[in-house]
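# Commentary on secondary and tertiary structure
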Amino acid sequence: QGTRDHAPAQAALRERLLSAVVSCFKRHGAAAIDTPVLELRETLVGKYGEGAKLIYELKDQGGELLALRYDLTVPFARYLAMNKITKMKRYHVAKVYRRDNPATTRGRYREFYQCDFDIAGQFDPMIPDAECLKIVHEILSDLQLGDFVIKVNDRRILNGVFAVCGVPESQFIPACCTVDKLDKVPWEEVRSEMVGEKGLSPEAADRIGEYVQLHGGLDLIEQLLQDPKLSQNKVAKEGLGDMKLLFEYLSLFGITGKISFDLSLARGLDYYTGVIFEAVLLQQDNEHLEEPLSVGSVAGGGRYDGLVGMFDAKGRKVPCVGVSIGIERIFSILEQRLEASGEKLRTTETQVLVATPQKHLLAARMKLISELWDAGIKAEMLYKKDPKLLKQLQYCEDTGIPLAVIVGEQELADGVVKLRDVATRKEVRM
């Protein structure tokens, strides 16, 4: 089916992962919003390029054409337009749906979570874009996933490249979708698709190849600004100017060591209008695994200044830039690492087990645990009237509960409890 159930340990790992990502979003001042799982079909079609064939379409009982959301970006743009919002910094963590061929080892599913951070509003160039890249850097660094690189490019630079290479404007988006495959297949295959399927001339494809295989940093931006063809193209020049400014801001954030200006990066979605970016893990911690885990990109995003205007009756635009964290792919990596290490993951946050050493003390346990719950302490007890003390302590060890509060007949008589550290087995009366 391409969907999955999660055992308690997996669910606990996922929760920790989501919590780390959301903490970063909140640290940057984002507010949470939510949008419905169902959208009108017309809201989603025409926004995803070749990905449109993966939209789950439905028809309700009234005959209305609906679809399950494909991502969180298009519903956000629709939300901004409907509510006439022109400025917002938001995050959204929710499930999206794609009628895709699942590849579970690579974290590719038909139902999966996305974690999005977006900045909407008219601001000075490249400041919000730089913050989105900083967020990706923070999250991937905090999660300690290994070495990574964040590739950046600009749709305007790509469009300029296509223009100076003789590609008709109507072919820009199909050419973009083909170039986007360069991280998966060699240039010869991409060239073959351009000529054979997209109808580009062999000469145009060869000229594109000279550009899209370039990658580097500020030096490459300077080099392209001096390029005799690109420097004459207004759109490309504008994109390169902004890319230079972006690198200056990323330098101030101290993260340029992980950033690569890569002309092969295209991102196949129709709605991108400016800066685009994608984070890729360079190597996995392969110590316990026979083969490295291949997961592709783990985050991506970009600028989509025209999307909100598509949903506004008067076509009013709201500039937006955002990033989506590929939480399922990251989860696949962490899950395999945990499995390989043999480490046990706590499935609950229980702080203390309320235990009794003798029979007929269920009432004492229930009164005490009620007090703990009311005080905001995470507590459990076994659902047996007269459990053996050894079984209760064994339960603590099995589930990782650090403390046991023991109340027996003597403790009740003395008005105290015995607090036991499960790991060290030390006890104190209090």
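Every value quoted in this text rests on a predicted model; they were computed, and no experiment measured them.

## Thoughts on the sheet that holds strand S8 (residues 215-216)
Read across the open sheet, the nine strands follow the order S1-S5-S6-S12-S11-S10-S7-S9-S8; overall the sheet is mixed. Each edge of the sheet is formed by a strand with only one pairing partner; in this case those strands are strand S1 (31-32) and S8. Across the sheet, helix H5 (residues 155-164) lies against strand S7 (148-154), strand S9 (259-262) and strand S10 (275-281), angled at about 60° from S7, the strand it touches most. Each of strand S6 (111-120), S10, strand S11 (297-303) and strand S12 (320-325) touches helix H11 (residues 327-341); the most contacted strand, S6, lies at about 125° to it.

## Thoughts on the sheet that holds strand S17 (residues 427-429)
Spatially, S14-S13-S15-S16-S17 is the arrangement adopted by the five strands of the open sheet, whose pairing is mixed. The strands lining the two open edges of the sheet, one partner per strand, are strand S14 (379-380) and S17. Contacts from helix H12 (residues 362-374) reach strand S13 (352-355), S14 and strand S15 (403-406), with the element oriented near 160° to S13. Each of S13, S14, S15 and strand S16 (418-421) touches helix H13 (residues 389-399); the most contacted strand, S13, lies at about 175° to it.

## What about the side chain of Asn153?
With respect to the secondary-structure elements, Asn153 resides in strand S7. A relative accessible area of 0% means that Asn153 is categorised as buried. A polar contact is formed between the side chain of Asn153 and the backbone oxygen of Leu265, at a distance of 2.9 Å. Dropping the residues within four chain positions of it, Asn153 is found in contact with Leu158, Met243, Phe261, Asp262, Leu263, Leu265, Gly274, Val275 and Ile276.

## Topic: the UniProt feature "binding site: L-histidine" (unreviewed entry) in the protein chain
UniProt records the feature "binding site: L-histidine" (unreviewed entry) at Asp71, Leu72, Thr73, Arg98, Gln114, Asp118, Arg267, Tyr271 and Tyr272, using the numbering of this structure. By the element assignment, Gln114 lies in strand S6. Exposure remark for Gln114: the relative accessible area of 10% places this residue in the buried category. For Gln114, the contacting residues outside a window of four places in its chain are Asp71, Leu72, His92, Val93, Ala94, Val96, Arg98, Ser324 and Ile325. Looking at Gln114, its side chain comes within polar contact range of the main-chain nitrogen of Leu72, at 3.5 Å.

## As for H11
Under the 1.5 Å per step criterion, the end-to-end length of H11 is 21 Å for 15 residues, consistent within 8% with the ideal 21 Å. Along H11, eleven of the 15 residues are buried, which leaves the element largely enclosed by surrounding structure. Where H11 is buried, its residues contact helix H1 (8-27), S6, helix H4 (127-142), S10, S11 and S12.

## Digging into the pairing of S6
The buried count for S6 comes to eight of ten residues, which makes it a mostly enclosed element. The pairing of S6 with S12 spans six bridges and is classified as antiparallel. Across the sheet, Asp116 pairs through a bridge with Ser324, a residue of S12.

## Quick look at the nonpolar core
Core analysis: the biggest nonpolar cluster contains 76 residues, and Phe25, Phe162, Ile208, Phe261, Ile325 and Ile330 have the highest contact counts within it. The leading source of residues in this core is H1, at eight residues. Excluding anything up to four places from it in sequence, Ile325 contacts Val21, Phe25, Gln114, Cys115, Ile139, Val298, Ala299 and Ile330. One finds Leu44, Phe76, Met88 and Leu307 within the second-largest nonpolar core, a separate group that totals 24 residues.

## Brief notes about the domain arrangement of the protein chain
Domain parsing of the protein chain yields domain 1 (8-341) and domain 2 (352-429). Of note, the centres of domain 1 and domain 2, computed from C-alpha atoms alone, are 51 Å apart.

## Some words on the pairing of S7
With seven of its seven residues buried, S7 lies for the most part within the structure. Two strands pair when backbone bridges link them, and S7 and S10 are joined in this way by seven bridges, in the antiparallel orientation. Residue pairing in the sheet places Lys151 in a bridge with Glu278 of S10. Pairing geometry for S7 and S9, over three bridges, is parallel. Each bridged residue has a counterpart across the sheet, and for Val152 the counterpart in S9 is Phe261.

## Here's the deal with the environment of Gln122
Residue position: Gln122 is located in the loop between S6 and H4. The exposure class of Gln122 is exposed, given its relative accessible area of 64%. Spatially, the C-alpha atom of Gln122 lies 49 Å from that of Ala379, the residues being 257 residues apart in sequence. When near neighbours in sequence (up to four residues on either side) are disregarded, Gln122 contacts Thr86 and Pro319.

Rules behind the numbers
Residues numbered from 1 in each chain as written. Predicted model: local features only at pLDDT ≥ 70, side-chain atom pairs only at ≥ 80, totals over all residues. Heavy atoms only, no water. Pairing = 2+ DSSP bridges. Helix = DSSP H or I, 4+ residues; strand = E, 2+ residues; numbered from the N terminus. Contact = heavy atoms within 4.5 Å. Axes fitted to C-alpha atoms, helices over the stretch in contact; angles between N-to-C directions. Buried < 20%, exposed > 50% of the residue type's maximum accessible area, 1.4 Å probe, protein only. Polar contact = N/O pair within 3.5 Å; in protein donor to acceptor, adjacent residues only side chain to side chain. UniProt positions renumbered as here; feature names shortened; annotations may be inferred. Expected span 1.5 Å × (residues − 1). Core = buried A, V, L, I, M, F, W, Y, C linked by side-chain atoms within 4.5 Å. Domains from an automatic or database assignment.

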